[in-house]
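Structural description and commentary
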Amino acid sequence: MKRTVILKVNSERPEMDKIRAAAKIIREGGLVAFPTETVYGLGADALNPEAVREIYTAKNRPLDNPIIVHISDKRDAYRLARELPENIDEIMRLWPGPLTVILKASEIVPRETTGGLDTVAIRMPSHKVALALIRESRVPIAAPSANLAGRPSPTTAEHVKQDLDGRIDMILDAGPTKIGVESTVVDLTSKPPRVLRPGGFPFEDLKCVIKDLRLYPSVMADREIRIEQPPSPGMKHRHYAPKAKLILVEGRMETLVDKIQELVNKYRCEKRRVGVLSTDETKHLYRADVVKSLGSRKDPACMAKNLFRLLREFDEEQVDVIIAEGVPMRNLGLAIMNRLRKASGFNIVKV
Ligand code: TXA
Ligand code: MG
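Residues numbered from 1 in each chain as written. Chains lettered and ligands numbered in written order. Predicted model: local features only at pLDDT ≥ 70, side-chain atom pairs only at ≥ 80, totals over all residues. Heavy atoms only, no water.

Scanning the protein chain from N- to C-terminus turns up 11 helices and 17 strands. Here the C-alpha atoms of the protein chain give a radius of gyration of 20 Å, agreeing with the 20 Å that 2.2 N^0.38 yields for 351 residues. For the protein chain, the spread of C-alpha atoms along the principal axes amounts to about 60 × 45 × 35 Å. Counting over 351 residues, the protein chain shows a buried share of 59%. Restricting the contact set of the protein chain to residue pairs at least 6 apart, pairs at least 24 apart contribute 68%. A total of about 15200 Å² of accessible surface is found on the protein chain, and carbon and sulfur atoms cover 49% of it. Placing the 58 positive and 47 negative side-chain charges of the protein chain at their respective mean positions leaves the two points 1 Å apart. (Helix = DSSP H or I, 4+ residues; strand = E, 2+ residues; numbered from the N terminus. Rg over C-alpha atoms; globule rule 2.2 N^0.38 Å. Buried < 20%, exposed > 50% of the residue type's maximum accessible area, 1.4 Å probe, protein only. Contact = heavy atoms within 4.5 Å. Areas by Shrake-Rupley, 256 points an atom, 1.4 Å probe, with all protein chains shown as cover. Lys, Arg positive; Asp, Glu negative; His and termini not counted. Charge placed at Lys NZ, Arg CZ, Asp CG, Glu CD.)

The structure is reproduced here in structure tokens:
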């Protein structure tokens, strides 16, 4: 058991004494959870194999699931990767931001960080605390989301504490994260390039820069697809799961509501405590034990920001079943639906 120190940090003007204390831990091989614009990350020195191994232990993460390397200077991408595609400068112009690129790894990246693959995932986050920490550590920082494996990603320091208190050295608390879903992961080693995980950088916007960009089929999948050799090991692990059973109902808003209420009634007859994950437009229409709203259907960014927090809240309220409304797949809606479908274990009702 470690003593986990929690430091409040100003998200716009991070106090440098606190950043220095965190950077010292990183340099000495320890673990620091820190905010990014997407979700909180659990950081270690990406070039120190023992330190990276500690991340897997703290999270109970399967050892074959590689970790994103966070940089504060675009030039570091050239040290960490080789055989970069010719349009890489144009793509890196989208940094800092919620975009992770997969490139061929250089020999300085330990296999602990790449999960044994010959590629490396790299991203430059835009959060001031994240950038200050990487800069001050003077090493690239390997960081998966700072949750126990299989749990919803943390969007507040409190979520990190719930999962990792006593397992890591420090948590930098700069308040809730802005985007709320993880970065978009793009494989630039495949031809054509493919989105392996939809995320905070909308596909529509990315396609304006990477013209031949495709979505990897499982991104849109509404049922379990068996992939022999998934390009992203994260795809085969169970994800984003709240403790309660989650059922996702997809279809037009008008027909969704009746179906969801019917399911609520059925489970309540069986004496189960039922929660509904609704939207602002429909929230008032449900009668259930707990009803929460993601936000307006017209505002996918707002719904994305609330998603993981609400899944955790349902667990705190000890519901047995969560019935969730599907939302439109445009913009951040694609990332939301990808997370909800996985969280449901593809328990999807179409109406
Ligand atoms: O927004 C984010 O991306 C957050 C913050 C902390 O930056 N990080 C995050 O990391 O979500 P994690 O480990 O929870 O998800 C990383 C995903 C996993 O699905 C992993 O399998 C995939 O990226 N990945 C990492 N390196 C890869 C590689 N070399 N090839 C293919 N997939 C890779
Ligand atoms: Mg994760």
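From this point, the narrative continues.
If you walk across this open sheet you meet the 5 strands as β15-β14-β16-β13-β17, and the pairing is parallel. Every other strand in the sheet has two partners, leaving β15 (290-293) and β17 (348-350) as the edge strands with one partner each. Neighbouring strand axes in the sheet, compared pairwise and without regard to direction, differ in orientation by 20° on average. Pairing geometry for strand β14 (residues 274-278) and β15, over 4 bridges, is parallel. Pairing of Val-276 across the sheet is with Val-291, part of β15. (Pairing = 2+ DSSP bridges. Axes fitted to C-alpha atoms, helices over the stretch in contact; angles between N-to-C directions.)

The next thing to look at is the domain arrangement of the protein chain. The domain architecture assigned to the protein chain consists of domain 1 (5-220) and domain 2 (245-350). Placing the centre of domain 1 and that of domain 2 at their C-alpha centroids yields a distance of 28 Å. Taken together, the contact pairs 26 residues of domain 1 with 19 residues of domain 2. Both sides of the domain 1 and domain 2 interface together cover about 1800 Å² of buried area, and 54% of this is carbon and sulfur. It is Pro-152, Val-181 and Pro-198 in domain 1 that bury the most area against domain 2; as a group they hold 26% of the surface buried on that side. Here domain 1 is connected to domain 2 by 3 salt bridges. We note a salt bridge from Asp-315 to Arg-151, for which the minimum N-O separation is 3.3 Å. Among the elements of the structure, α7 (157-164) and α8 (203-207) are those that each provide at least two residues to the side of domain 1 that touches domain 2. (Domains from an automatic or database assignment. Buried area = accessible area lost by both parts, 1.4 Å probe. Salt bridge = Lys/Arg side-chain N within 4 Å of Asp/Glu carboxyl O.)

Of all hydrophobic cores here, the largest spans 74 residues; its most connected members are Leu-42, Trp-95, Leu-99, Ile-122, Leu-133, Ile-168 and Leu-172. The contact partners of Ile-168, leaving out residues within four places of it in the chain, are Lys-2, Arg-3, Thr-4, Leu-31, Ala-33, Leu-42, Ala-58 and Val-160. Among the nonpolar cores identified, the runner-up in size contains 27 residues, and Val-181, Leu-248, Leu-277 and Val-290 belong to it. (Core = buried A, V, L, I, M, F, W, Y, C linked by side-chain atoms within 4.5 Å.)

Close to ligand 1 lie 24 residues; Thr-38, Arg-61, Asn-65, His-70 and Ser-183 are nearest. Contact distances for ligand 1 include 2.8 Å between an oxygen atom and a side-chain N or O atom of Arg-61. Asn-65 is positioned such that a nitrogen or oxygen atom in its side chain is 2.6 Å from an oxygen atom of ligand 1. Expressed as a share of its isolated accessible area of 690 Å², the protein-covered part of ligand 1 is 97%. Ranked by residue count, the leading element in the shell around ligand 1 is strand β7 (residues 119-123), at 4 residues. Class assignment of the residues belonging to the shell around ligand 1 gives a composition of 11 nonpolar, 9 polar and 4 charged. (Near = heavy atom within 4 Å. Polar contact = N/O pair within 3.5 Å; in protein donor to acceptor, adjacent residues only side chain to side chain. Nonpolar A, V, L, I, M, F, W, Y, C, P; charged D, E, K, R; others polar.)

Before going further, it helps to examine unusual backbone geometry. Note the cis peptide between Trp-95 and Pro-96, where omega equals -5°. Relative to the helices and strands, Pro-96 is located in the loop between α4 (88-92) and β6 (99-105). Going from Lys-191 to Pro-192, the amide bond is cis rather than trans, its omega being -5°. Tracing the backbone through its elements, the reader meets Pro-192 in the loop between β10 (184-187) and β11 (194-197). One non-glycine residue, Glu-83, lies in positive phi territory at about 50°. Looking at the secondary structure, you find Glu-83 in the loop between β5 (81-82) and α4. A positive phi is found at Gln-318, a non-glycine position, where the angle reads about 55°.

Turning our attention to the side chain of Glu-37. Considering the arrangement of structural elements, one finds Glu-37 in the loop between β2 (32-35) and β3 (40-45). By relative accessible area, which is 6% here, Glu-37 ends up buried. Contacts of Glu-37, omitting those with residues within four sequence positions, involve Gly-97, Pro-98, Arg-123, Pro-125, Ser-126, His-127, Thr-177, Lys-178, Ile-179 and Gly-180.

So, on to the packing of helix α10 (residues 300-316) against helix α11 (residues 333-343). Their axes nearest at 9 Å, the elements α10 and α11 cross at an angle of 30°. Classified by the angle between their axes, α10 and α11 sit roughly parallel to one another. Both α10 and α11 take part in a crossing whose hand is left-handed. Each of Pro-300, Met-303, Ala-304, Leu-307 and Phe-308 in α10 lies in contact with α11, whose residues at this interface are Gly-333, Ile-336, Arg-339 and Leu-340. Split by residue class, the contact of α10 with α11 holds 7 nonpolar, 1 polar and 1 charged. (Parallel < 35°, antiparallel > 145°, perpendicular 65-115°, else oblique. Left-handed = near helix turned anticlockwise from the far one by under 90°.)

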